[in-house]
Amino acid sequence: MRVGIGFDIHKLVEGRPFVMGGVHIPFAKGPEGHSDGDALCHAIADALLGAACLGDIGLWFPPEDPEYEGSNSLKLLEVVADAVRKNGFTVNNVDSIVLCEQPKISPHYKEMRRLLAEAIGVDDSCVSVKATTYEKMGEIGRGEAVAAKAICLIQ
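No experiment lies behind these values; they were computed from the predicted model shown.

> Run through the environment of G143, naming residues and quoting values.
Turning to its location among the elements, G143 is positioned in the loop between α5 (138–141) and β7 (145–154). Separated by 42 residues in the primary sequence, G143 and E101 have C-alpha atoms spaced 5.9 Å apart. Beyond its immediate stretch of four places on either side in the chain, G143 contacts L12 and K29.

> How would you summarise the pattern of salt bridges if you had to cite specific residues and measurements?
For the structure on display, the rule yields 7 salt bridges. With a closest N to O distance of 2.4 Å, D95 and K130 form a salt bridge. Pair noted here: D95 is in strand β5 (residues 91–99) and K130 is in strand β6 (residues 127–132), with a separation of 35 residues, a long-range link. Taking relative accessible area as the criterion, D95 reaches 29% and is therefore assigned partly exposed. K130 gets classed as partly exposed once you look at its relative accessible area, which sits at 33%. In this structure, E101 and K136 form a salt bridge, with 3.8 Å as the shortest nitrogen-oxygen distance. Of this pair, E101 sits in the loop between β5 and α4 (109–120) while K136 sits in the loop between β6 and α5, and the two are 35 residues apart along the sequence. A relative accessible area of 17% means that E101 is categorised as buried. Connected via shared salt-bridge partners are E111, R114 and E118.

Rules and cut-offs
Residues numbered from 1 in each chain as written. Predicted model: local features only at pLDDT ≥ 70, side-chain atom pairs only at ≥ 80, totals over all residues. Heavy atoms only, no water. Helix = DSSP H or I, 4+ residues; strand = E, 2+ residues; numbered from the N terminus. Contact = heavy atoms within 4.5 Å. Salt bridge = Lys/Arg side-chain N within 4 Å of Asp/Glu carboxyl O. Buried < 20%, exposed > 50% of the residue type's maximum accessible area, 1.4 Å probe, protein only.

So, in structure tokens, the structure goes:
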């Protein structure tokens, strides 16, 4: 068995859709990024890559590569999960947490779990999504950024 951890953070900017865990959530700002800026998908991808010793998301999908501009991060997560399987591993479970003040994430847990599980190729009972605020502290607490952390177990 192997464990992997992942972390991602994105600045929130006007004029971008807020996408988290593949779900488009109505909000005035969205995560800035080369792809759709989905910090949750990126953190989970990094956790899976780390557990399998396959590098990190930046090596797989370089931000300077125009091929990935505006990419759907669920599709990137599918590529990562396929690579993990091709290297002889199965994903046991993923636990994750979104860090942001707003928008409220909890109403979207069920849909996020479904979409993430589908991208990873596991049952949604194997994917946990949670959220917390930063109690108004730092860039996340001021609503300037959104972040996500993830941990996974593969075998």
